[in-house]
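Observations on chain architecture
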Amino acid sequence: MPGFEKFSDLERKEVNDVLETGILMRYGFDGMRNNVFKARDLEAEIQEKFNVQHAQLVSSGTAAVSVAMALAGVGAGDEVIMPTFTFVASFEAVLMLGATPVLVDIDDTLTLCPDAVKKAITSKTKAIMPVHMCGSMANLNVLQEICESNNLTLIEDACQAIGGTYNGKYLGTIGDVGCFSFDFVKTVTCGEGGAIITNTKDLAIKADLYQDHGHDHIGNDRGAETHPYLGYNFRISELNAAVGLAQFKRLDEFLALQKKHYTVLREELKPLSNVQFRTVPEGGEESYAFLNFFLPTLDIARSVMSDFKAEGIDACFHYYDNNWHYVRKWEHLKEAKSLFPLSDAVTEGLSKISTQDFSKSDHFIGRNISCLIKIGWTEEEVKLRAQKMKAIIEKF
Ligand SMILES: *Cc1c(COP(=O)(O)O)cnc(C)c1O
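Naming follows an unreviewed UniProt entry, where the protein chain appears as L-glutamine--2-deoxy-scyllo-inosose aminotransferase KanB of Aurantibacter aestuarii. Taken from UniProt, the Sequence similarities (unreviewed entry) comment for the protein chain reads in full: "Belongs to the DegT/DnrJ/EryC1 family."

Have a look at this one:
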């Protein structure tokens, strides 16, 4: 996955263009910038590649999810449904807007279980956020139907799945809003950066305003801009956008490498009777950022991980025992350890998480091993790694 493995002169050239003008801000300074607009160019590339009407760059993936929540009108008293297996950014974004994150079970797709979503809907639900963890998606057709019949916004967190598709459409373009991260370890990196994509003009206008203090960006005189809404600063800098522009132009090359390396690992593990690959919903194609499989039990998964470690097989994750991605270890969330007071509704919502039954999620995450696919591996390295992994797993 990490695009930084492939840094080259292309990134340097784009960054140099910006440094030569000295204008690190994406807006204004028209007389000085010598027509260099890296953020704008990257947005145009994203729109074209994903065949989507609007792309708005922001300062991170977390910012993208936060802005998406604001566009959906999520705020005090509202609830947002999300999976138990995600990155902490998902609930952070919801909490920042004063709303309550509602965590529900995943299934063998390792993403939102549609039945669990249905059961969690209340009169306060405002949005549903599937998170395409480790490169693959939930049954988005069903989630879309649920959103339509309940008048909810569908926000896709596609931060880990750039380039994956569903029914022939790119992930991120299926819901009302899609979010990407271009942080330091993602398939395309800007250092820190992210994007929101949408086909809805009204949402695109709001995203443009909200990520830059509510400025309307109309006319050339920045001081004269009006503020149709309150906003914030989630802007990307030209330097970050420049790195991302060079990287994004190589997305297809990176995706092809991911798929190639993923396929070598998968083919090697396929004959093993104790390995079951994650389910990809009908019509979906992974981004191949990770290879995910289930082992028969939690204990076997732990033993395999410890043998991987002993054999120097890095970049594999057992999320059950990991602090960043699974509800089991999010004590700070369950205990609402906030630096500032949260509303009673939020505090009450969070307190429920500790006693909620997530045995279904445990059943999948406990047995799952997720192997990051590096694009910088040589063919030899992938083959050797595949053989070593197989030799370890087949002992159990
Ligand atoms: C990386 C990531 C984010 C947050 O992105 P940042 O750019 O690091 O803020 C959000 N959601 C998921 C699923 C991620 O993997």
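Resuming the write-up.
1. Some words on the UniProt feature "modified residue: N6-(pyridoxal phosphate)lysine" (unreviewed entry) in the protein chain
Under the present numbering, the feature "modified residue: N6-(pyridoxal phosphate)lysine" (unreviewed entry) in UniProt falls on Lys186. Within the secondary structure layout, Lys186 lies in the loop between β8 (177-181) and β9 (194-198). Lys186 gets classed as buried once you look at its relative accessible area, which sits at 9%. Among all residues touching Lys186, those that are not within four sequence positions of it are Met1, Pro2, Gly3, Cys159, Gln160 and Ser181.

2. Concerning the pattern of salt bridges
Counted according to the given criterion, the structure contains 27 salt bridges. In this structure, the salt-bridge partner of Arg26 is Glu43, at a minimum N-O distance of 2.7 Å. A residue pair is termed long-range when its members are at least 10 positions apart, and Arg26 in the loop between α1 (9-21) and α2 (38-50) and Glu43 in helix α2 qualify at 17 residues.

3. Focus on the sheet that holds β8
An order of β1-β9-β8-β5-β4-β2-β3 is seen for the 7 strands of this open sheet, with the pairing classed as mixed. Every interior strand has two partners, whereas the edge strands, β1 (54-58) and β3 (100-104), have only one. Averaged over all pairs of adjacent strands, the angle between their axes in this sheet comes to 25°, without regard to strand direction. Sheet topology places strand β5 (residues 153-157) next to β8; 3 bridges connect them, and they run parallel. Looking at β8, one finds that Glu156 is bridged to Gly178. Along the sheet face, α2 touches β1, β8 and β9 and points at about 135° away from the line of β1. Contacts from helix α3 (residues 61-71) reach β1, β2 (79-83), β5, β8 and β9, with the element oriented near 165° to β8.

4. What about the nonpolar core?
Taken as a class, soluble globular proteins show a tendency for nonpolar side chains to be buried jointly. Met69 and Phe85 are the most contacted members of the largest nonpolar core, which has 54 residues in total. Per element, the largest residue contribution to this core is 7 residues, and it comes from α3. In contact with Met69, other than residues within four places in its own chain, are Val74, Val80, Ala93, Val94, Leu97, Met129 and Ile155. Val102, Val104, Phe182 and Val188 belong to the second-largest nonpolar core, a separate cluster that totals 42 residues.

Procedures and definitions
Residues numbered from 1 in each chain as written. Predicted model: local features only at pLDDT ≥ 70, side-chain atom pairs only at ≥ 80, totals over all residues. Heavy atoms only, no water. UniProt positions renumbered as here; feature names shortened; annotations may be inferred. Helix = DSSP H or I, 4+ residues; strand = E, 2+ residues; numbered from the N terminus. Buried < 20%, exposed > 50% of the residue type's maximum accessible area, 1.4 Å probe, protein only. Contact = heavy atoms within 4.5 Å. Salt bridge = Lys/Arg side-chain N within 4 Å of Asp/Glu carboxyl O. Pairing = 2+ DSSP bridges. Axes fitted to C-alpha atoms, helices over the stretch in contact; angles between N-to-C directions. Core = buried A, V, L, I, M, F, W, Y, C linked by side-chain atoms within 4.5 Å.

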